[in-house]
Amino acid sequence: MAKADFEVPVLKQYPEIPEIEPGVMAHSSPFKAKAEFQAELGFPGELVDNWQEKAIAKMGDLLGRYRSLRVYLDACVKCGSCTDKCHYYLGTHDPKNMPVGRQDLMRKVYRRYFTLAGRFFPKLVGAEDFTEEVLNDWYSYFHQCSQCRRCSVFCPYGIDTAEISMAAREVMDHIGIGQKYCNEIIGKVYKIGNNLGLPGPALEDTLEGLAEDVYDETGVEVRYPLDEEGVEILLVTPSADFFAEPHVDGLIGYGKVFHEAGVSWTLSSYASEAANFGMFIGSYENMRRVALRIREAAIKLGVKRIVFGECGHAWRVAYSFLNTLAGPWDFLDPRYPIPQHMRVHLGSDPAGQAPARQEPER
Amino acid sequence: MVLTYHDTCNVARASRMGDRPGGQFEIPRAIIRATCNHFYDMDEDTIRDRTFCCGGGGGLLTDDLMEVRVKGAQPRVEALNNVMHEKGVTHMAAICAICKSQFTKVLPYYGMDMDQIVSVHQLVSNALILTGQVTDEDEEEAADEAA
């Protein structure tokens, strides 16, 4: 059993809604990004002098760009539906991890600077100045939200806490406070092509090894091509698939499915990453820059279809945003949806039998 | 192997797979059922569009946030623990790199095994018999015939 320097929750037979324990997670904050990594993404390296003014200006910019953000900040009636829906609240018991508690961190600042009542009678409407204390809370609690959007399923107004948390991270990045993990990873994508910083030769090596393993196991020559021009499909998959367990077993599976379906395909060393952390930090510009790599690779390789591997948020970026983010995709085969998810079409074999033949479905 | 399936948040909510609503829930399950003999879903309140996050999504998959990752995984791991006890589930399949990495790291904190998390296409890979592939069964048959 792994050792923890904190209390690991006890698993119960039935879910229990915990009593609140205010402030128990206030100490949890991720490492901050160093100046050099911030610059690469177009953000100031450290907290700027007039940060409060800059942060409020950025908030104003986002409120103007995203009507949804203003609606979410205005619409909450404190009904309580979301309070027991966040896994971080259920696991930590900190009321600022209730979706409404998290939203209120931004809502109180919004009311203070962007509503009439908040400007003149802040105390009456729960408005607060954007103080350093509030900023610390932002950095801590907006990095205790995984932007999973479970709360928005239960909110009668459909308030999407994920979008609020993305906006908060974007505001913080613009005053020089970035999260090390996300921002360094985005930097690696720009420099090398993927989150893990695996260069082309390393990928080639791995793929050759996989082909050998499959041959040893099955006696069939299944290819795992890289940067092959003129093939039908570009497979874009999270870089963890190249070496982590159990991810790599999935990559072996993609190759077998393509092989058996008889379609030509390739991976790209330039677009060797499906993940797009630009979404996590709420930065449209960085999300676009990462997504454009897929477009460039698809054009260069001359593929007709783009298929995404097993990755959750990559699929959201692909399915919901890719057309406007990096389109138009008029050079791809219009008979297939754009983009496609890696999945298989099942034969009519009885359940439990390994399908004799599987193929990627459109 | 007795399987269950973890719906990944970003595929489950406000997204789709295939050409029908809910395809993102049905297609992965249909694939898993075709690759194994035993499949059981976790509690209804914890799957499909009500799925619980693995606890490591949204840019939190980093060691400096281990406490929040482990604690945030509790609702999902609790549901998994219940089907392990009630249905004898041994493995959980996922279709997200973050979910897989997170569970691999976090399950041991709850006394579970990191190998209990598998890729959906790993299951496909194991089940798929390639054209021309010689399997153990073929070899046994050939041996029987020769005998």
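Residues numbered from 1 in each chain as written. Chains lettered and ligands numbered in written order. Predicted model: local features only at pLDDT ≥ 70, side-chain atom pairs only at ≥ 80, totals over all residues.

K.L.:
Any details on the sheet that holds strand 2 (residues 38-39) of chain B? Residues and values, ideally.
P.N.:
All names here are of chain B. Spatially, the four strands line up as an open sheet ordered 2-1-3-4, and their pairing is parallel. The open sheet has two edge strands with one neighbour each: strand 2 and strand 4 (117-119). Bridge count for strand 3 (residues 91-94) against strand 4 is three bridges, and the pairing is parallel. Across the sheet, residue Ala-94 finds its bridge partner in strand 4, namely Ser-119. Contacting strand 3 and strand 4, helix 6 (residues 120-127) runs over the sheet at an angle of about 70 degrees to strand 4. (Pairing = 2+ DSSP bridges. Helix = DSSP H or I, 4+ residues; strand = E, 2+ residues; numbered from the N terminus. Contact = placed C-beta atoms within 7 Å. Axes fitted to C-alpha atoms, helices over the stretch in contact; angles between N-to-C directions.)

K.L.:
Can you break down the domain arrangement of chain A residue by residue, with the values?
P.N.:
It is common to give the size of an interface as the accessible area that goes away when the parts come together. Residue and element names in this part refer to chain A. Considered domain by domain, chain A is made up of domain 1 (35-178) and domain 2 (194-360). A separation of 35 Å is found between the C-alpha centroids of domain 1 and domain 2. Taken together, the residues of the side of domain 1 that touches domain 2 break down into three nonpolar, two polar and three charged. (Domains from an automatic or database assignment. Nonpolar A, V, L, I, M, F, W, Y, C, P; charged D, E, K, R; others polar.)

K.L.:
So, the sheet that holds strand 3 (residues 305-308) of chain A: which residues are in play, and what are the values?
P.N.:
Residues and elements named next belong to chain A. Pairing is parallel across the open sheet formed by four strands, whose spatial order is 2-1-3-4. Strands with a single pairing partner mark the edges of an open sheet, and in this sheet they are strand 2 (265-266) and strand 4 (340-341). Note that strand 1 (residues 233-236) and strand 3 share four bridges and pair parallel. Across the sheet, the residue bridging to Leu-235 is Val-307, located in strand 3.

K.L.:
Got a sec to walk through the interface of chain B and chain A? Specific residues and values, please.
P.N.:
Chain B puts 67 residues into the contact, and the matching count from chain A is 73 residues. Broken down by secondary-structure element, the contributors of at least two residues to the side of chain B that touches chain A are helix 1 (9-12), helix 2 (23-35), helix 3 (66-72), helix 4 (74-87), helix 5 (97-106), strand 4 and helix 6 of chain B. Per-element tally for the side of chain B that touches chain A: the top contributor is helix 4 of chain B, with seven residues. In the side of chain B that touches chain A, the residues fall into 32 nonpolar, 24 polar and 11 charged.

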